[in-house]
Amino acid sequence: MNPSVISRTDQPKPKPKHIEDASRAVADRLYKRKGNDIILLPYNLGNHWLLAVLNLKTTTCYYLDSLRPRSVDEQLRQIIDTVMVVYASESGANIRVKLVWINARCPRQPGGTECSYYVMKLMKEITYEGVEILDNDNVGKGVEEYSATNMDDIREDWSTYAVNSIFKL
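Residues numbered from 1 in each chain as written. Predicted model: local features only at pLDDT ≥ 70, side-chain atom pairs only at ≥ 80, totals over all residues. Heavy atoms only, no water.

Before going further, it helps to spend a moment on the pairing of strand 2 (residues 49–55). Most of strand 2 sits inside the fold, with six of its seven residues counted as buried. Of the strand pairs in this sheet, strand 1 (residues 38–44) and strand 2 are connected by seven bridges, and their pairing is antiparallel. Opposite Leu41, over in strand 2, you have Ala52 as the bridge partner. Inspection of the sheet shows strand 2 paired to strand 3 (residues 60–64) by five bridges, in the antiparallel sense. By the bridge assignment, Ala52 is partnered in strand 3 with Tyr63. Between strand 2 and the antiparallel strand that follows it, strand 3, lie four residues; Thr59 among them carries a positive phi value of about 45 degrees. (Buried < 20%, exposed > 50% of the residue type's maximum accessible area, 1.4 Å probe, protein only. Helix = DSSP H or I, 4+ residues; strand = E, 2+ residues; numbered from the N terminus. Pairing = 2+ DSSP bridges.)

Okay, structure coming up:
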């Protein structure tokens, strides 16, 4: 999912129009998912990245924040909860509308600038290992924080992808 579509606006209080537009964009993405029951939703709070993982099979949304806040961002919760209502009513899907939100354990970032790399690393791990690692509290294979080598690997992956995309290699 494109984070610019759903990420927080500059407003301190979420505007209903933004929540409606963001919810519509995510619901539209769900229609195009081609059987994929796991949707990765990178989200920017304005100065910090986090990841929501929507599992449509279990109607669960995992919230992963490398700064480990105690509660789910309210604007993100409103967007995703609205998505479920819209998707269920428009698609005729026989799914529970009420999501179970889980504040999933993940490695903690050591400083204030690593969050985007942590989100990329989390997405890569979930893609390769499966959503079960969220249920088993095994994101990052149980480490408290990612190593410098882990971060360098993600930076290299990102650089390779960007160069290949730009130069069509």
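With that settled, consider the sheet that holds strand 3. Taken in spatial order, the four strands of this open sheet run 1-2-3-4, and their pairing is mixed. On the outer flanks of this sheet lie strand 1 and strand 4 (100–103), each paired with one strand and no other. Averaged over all neighbouring strand pairs, the angle between strand axes comes to 20 degrees, with direction disregarded. Strand contacts of helix 4 (residues 115–129): strand 1, strand 2 and strand 3, with the helix running at about 25 degrees to strand 2, the strand carrying the most contacts. (Axes fitted to C-alpha atoms, helices over the stretch in contact; angles between N-to-C directions. Contact = heavy atoms within 4.5 Å.)

If you look at the biggest cluster of nonpolar residues, it comprises 23 residues, and the most contacted ones within it are Leu30, Leu41, Leu54, Cys61, Leu76, Ile80 and Leu99. For this core, the secondary structure elements donating two or more residues are helix 2 (16–31), strand 1, strand 2, strand 3 and helix 3 (74–91). Here this core takes six residues from helix 3, the largest share from any one element. Within the second largest apolar cluster, 17 residues are counted, among which are Tyr62, Ile126, Val131 and Leu134. (Core = buried A, V, L, I, M, F, W, Y, C linked by side-chain atoms within 4.5 Å.)

Roughly 200 Å³ of internal volume is contained in the largest pocket. Taken together, Met120, Lys124, Ile154, Asp157, Trp158 and Tyr161 form the lining of the largest pocket. Elements with a minimum of two residues in the lining of the largest pocket: helix 4 and helix 6 (148–167). Of all the elements, helix 6 adds the most residues to the lining of the largest pocket, at four residues. (1 Å grid on protein atoms, 1.4 Å probe; cavity = no way out; pocket = protein on both sides within 12 Å on 5 of 7 lines; lining within 4 Å. Points joined across faces, edges and corners; volume = space filled by probe spheres on them.)

Read these as spatial facts, not as claims about activity.
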